[in-house]
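# Survey of secondary and tertiary structure
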Amino acid sequence: VTCVSTTAHIALGSNLGDRRAILTDALAQIARLPATAVVSVSAFIETKPVGPGPQGDYLNAAAELLTDLNAAELLAALLAIERSHGRDRAREQRWGARRLDLDLLLFGDVVIDAPGLTVPHPRMHERAFVLEPLASIAPNAVHPRLGISVAAMAGVVVHAAV
Ligand code: AMP
């Protein structure tokens, strides 16, 4: 049996309910996934919502995982954890409030363009609320499409916002 462990990075967000408890619980659920370890977790940061209507501020975080799952298996597991927190993707607006949002950002140096699975996450490089926590735990991780580090991407976002 050959096991291929991959370092993966995910983003977590919540803007409904007890956000801190939801993120903490989601991380515990991820740590219980088969053949998966949570290597590090960023601080939880408070961010302003991007999207329509009045909605509460987000609590966002990033985590580094080491897993023997493949990218599709890991995303399926993350979506199941989202659903366990009562998120119903079919009923909510794309950018609406949510109890738990989990995104697969990076899966080693893998590039995937499949229906339902795009890796690296297609919007990660333009989102400060993803890059800031990610840069705090994985500054040297490289985006395999853009060929630049997370620290460099985070710097670009910061300069663009000034
Ligand atoms: P969103 O509402 O933006 O969180 O969209 C989530 C949907 O995008 C899920 O149903 C996934 O099937 C799909 N998806 C594709 N690639 C990814 C990814 N890298 N991370 C999370 N969701 C993804």
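For every chain, the first residue of the written sequence is number 1, and numbering continues from 1 onward in sequence order. For a predicted model such as this one, the threshold for reporting local features is a pLDDT of at least 70, and the threshold for listing and counting side-chain atom pairs is 80 or more; totals across whole chains, interfaces and linings nevertheless cover every residue. No hydrogens and no water enter the side-chain calculation; it runs on all heavy atoms of the structure.

## Focus on the overall build of the protein chain
Put simply, the test is: Where helices and strands are cited, they refer to DSSP runs of H or I of at least four residues and of E of at least two residues respectively, numbered from the N terminus. Three labels apply to residues, based on accessible area from a 1.4 Å probe with only protein chains included: buried if under 20% of the type maximum, exposed if over 50%, partly exposed otherwise in between. By the convention used here, residues are in contact when the closest approach between their heavy atoms is within 4.5 Å.
Broken down by element type, the protein chain carries 4 helices and 9 strands. Ordered by position from N to C terminus, the α and β elements of the protein chain give β-α-β-β-β-α-β-β-β-α-β-β-α. Within the protein chain, the fraction of its 162 residues that count as buried is 44%. Sequence separation of 24 or more characterises 65% of the internal contacts of the protein chain that already satisfy a separation of 6 or more.

## A closer look at the pairing of strand β1 (residues 6-14)
Keep this limit in mind: Two strands make a pair as long as DSSP finds a minimum of two bridges between them.
For β1, the tally of buried residues reaches 8 of 9 residues, placing the bulk of the element in the interior. Direction of pairing for β1 relative to strand β4 (residues 58-67): antiparallel, over a ladder of 9 bridges. Paired with L12 across the bridge in β4 is A61. Two strands pair when backbone bridges link them, and β1 and strand β5 (residues 101-107) are joined in this way by 6 bridges, in the antiparallel orientation. Counted as the bridge partner of G13 is D101 from β5.

## Details of the environment of D109
As for its position among the elements, D109 is in the loop between β5 and β6 (112-114). Note on D109: relative accessible area 65%, which makes it exposed. Along the sequence, D109 and V119 sit 10 residues apart, while their C-alpha atoms lie 9.2 Å from each other.

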